[in-house]
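Breakdown of the fold
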Amino acid sequence: MHDEHRKRRLQLAVLTSLASRGLGFAAQFLTLPIIVAGLGVPGFAGYVSLTALVAWVSPLGFGLLPALTRELAAANAVGDDDTARRLIGAGFWFTLVIALLLAIITVAVAFSADVRSLVGIDRRVSASEVRLGFLAAMGLVALNFFATTSTAIRAGYQESYISNLLSLCANVVIIVLLFGIVRTHGTIPIYVMALYGPLTLLLLFDLLRLAFLRPGLWPLPLPRIDALLRGSLTGLTRSSGTTWAGQMHYFLTVFGSVLLVSHLFSVADTAAFGALMRAVALFSGVVGLFVWPLVPALTDAAGRRNIDWVRRCYKRLMLATAGSAVTIALVLAVGGPWLIHLWIGKSVSPSAELCIFFAAYFVVSAVNFAGFNVLIALNSSKGVGLSYLVEAATVYVLAFLLRPTMGVEGIALALVLGGLSINFWYLPLKAYHRIRQLAAAVDPSLAGASVAR
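Quick notes on the rules
Numbers given for residues are sequential positions, taken from 1 along each chain in its written order. With the structure being a predicted model, the display of local features is reserved for residues of pLDDT at least 70 and the display and counting of side-chain atom pairs for 80 or more, all residues being used for whole-chain, interface and lining totals. To get the side-chain values, take all heavy atoms of the structure and skip hydrogens and water. Counting from the N terminus, the helices are DSSP H or I runs at least four residues long and the strands are E runs at least two residues long. When accessible area is computed with a 1.4 Å probe and restricted to protein chains, residues below 20% of their type maximum are described as buried, those above 50% as exposed, and intermediate ones as partly exposed. Here, axes are lines fitted to C-alpha atoms. For helices the fit covers the stretch in contact, and angles between N-to-C directions go from 0 to 180 degrees. Angles below 35 degrees are treated as roughly parallel, those above 145 as roughly antiparallel, those between 65 and 115 as roughly perpendicular, and all remaining angles as oblique. Note on convention: near helix rotated counterclockwise from far helix by under a right angle means a left-handed crossing. Clockwise means right-handed. Amino acids outside the nonpolar list (Ala, Val, Leu, Ile, Met, Phe, Trp, Tyr, Cys, Pro) and the charged list (Asp, Glu, Lys, Arg) are all regarded as polar, and Gly is one of them. For this analysis, a ring pair means two rings from Phe, Tyr or Trp (six-membered ring only for Trp) whose centres lie within 6.5 Å, classed as stacked if their planes differ by under 30 degrees, edge-to-face if by over 60, and tilted for the remaining angles. Among buried residues, the Ala, Val, Leu, Ile, Met, Phe, Trp, Tyr and Cys ones that are joined through side-chain atoms within 4.5 Å form a nonpolar core. The contact definition used throughout considers only heavy atoms, calling two residues in contact when any of these lie within 4.5 Å.

**A short note on the environment of Leu413**
Looking at the secondary structure, you find Leu413 in helix α16 (residues 408-421). Given the relative accessible area of 17%, Leu413 is considered buried. Spatially, the C-alpha atom of Leu413 lies 5.7 Å from that of Phe357, the residues being 56 residues apart in sequence.

**Here we look at the packing of helix α13 (residues 307-343) against helix α14 (residues 352-377)**
Between α13 and α14, the shortest axis-to-axis distance is 8 Å and the interhelical angle comes to 170 degrees. Classified by the angle between their axes, α13 and α14 sit roughly antiparallel to one another. As α13 packs across α14, the resulting crossing turns out to be right-handed. Of the residues that constitute the contact of α13 with α14, the class distribution is 22 nonpolar, three polar and no charged.

**A word on the packing of aromatic side chains**
Evaluation of the coordinates by the stated rule reveals 11 aromatic pairs. Judged by centre distance (5.3 Å) and plane angle (90 degrees), the rings of Tyr250 and Phe251 are edge-to-face. Relative accessible area serves as the criterion here: at 7%, Phe251 is assigned to the buried category. Taking 6.3 Å as the distance between ring centres and 85 degrees as the angle between the ring planes, the aromatic pair formed by Phe358 and Tyr361 counts as edge-to-face. Of this pair, Phe358 and Tyr361 both sit in helix α14, three residues apart, which is roughly one turn of the helix.

**With respect to the nonpolar core**
If you look at the biggest cluster of nonpolar residues, it comprises 111 residues, and the most contacted ones within it are Tyr47, Phe273 and Phe358. In contact with Phe358, not counting residues within four places along its chain, are Phe273, Leu276, Met277, Val280, Leu332 and Ala412. With 22 residues, the next largest nonpolar core counts Leu65, Leu72, Ala211 and Leu220 among its residues.

Note that all results are geometric; they support no functional claim without further evidence.
This is the structure:
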């Protein structure tokens, strides 16, 4: 009976995610050409660099929210409502405090330094516009940092479809706002508010609704240090450490590489590299359609010792991830320059080699992303955080070695080689052994069972 319930929730999550992310893809697809037309190439490069800078806020959460989803799903699988309430309290109060600190730091930085120098933005973009853009971006990111606690809670309860519907509504508003901006003179802060504001406000409303109106939650308890270190919340601390390392890897490689290019190469190179990275981020949403809803579902199935379901799900997930990633990568590798020209305009012109390297990077990162989330869901994250940090360090070493001879294409190749060097083989191997371990715990005679069975 519970298997059917899980299956229905998972199907609903995937369908609503498909609708939400499909519309979100359309909104993001419209965004870049509108920004380039409104701001010009220097302004667009500034926008890309600025949003890459503020994206570094997420690692300040120390991986709490993805870990919250996993631990909350595990608590619900065994009916532990008290632990679930304390987990939600830990997420709510922690993210609120961090958001307030970010707001204070944002104001201090904006009025004490030239943000253009911090980011490497061309001097043709006015300092006041960049300052206002920084205030808008950081302010919304800080608020979003707190508000997205609702998505972690919803996912832990296998209610991701509600978050997806909110995202769908936000994307409708964003598209309307974009067409409105076309008729006016857009600036960096206006684009930031139009793109990041709607979803942030809807998620904030949902979080407050959950906290105050869901039976048995309010008042949310403050997390105790002993519970986080030695008590019932130690799983949250352990999972947070691994997801934080994964987030640090993501931001070092994805956003960090954009900032590296903005400091070392020309405005044209930054625009081309940034546009392709945005394309990869958009395509990653396709993989996320079926990966994110499966994290709480896999945790629930493992907690209920339904190993056959776990095994089938893992096999299908990896096949779907690899198949969709390779298909998208082939399109990007073959028609990348033409697609970027069609999408953004001829003012942004990546080389064919850069497109090929980004296509390969997309496949590697997609497979690694799916494997990482599977291990988090199955509570087998020991060593994974370290492997991701080592991979990030490898990328930067390779980037500096390849840059003198290959230019900006060397940075993209470093991303590919770094992803292949460690986690492309390590994560599947670890997942294979974890599923065998779970099977053996249920039935010792299955200890030698193959994951492919």
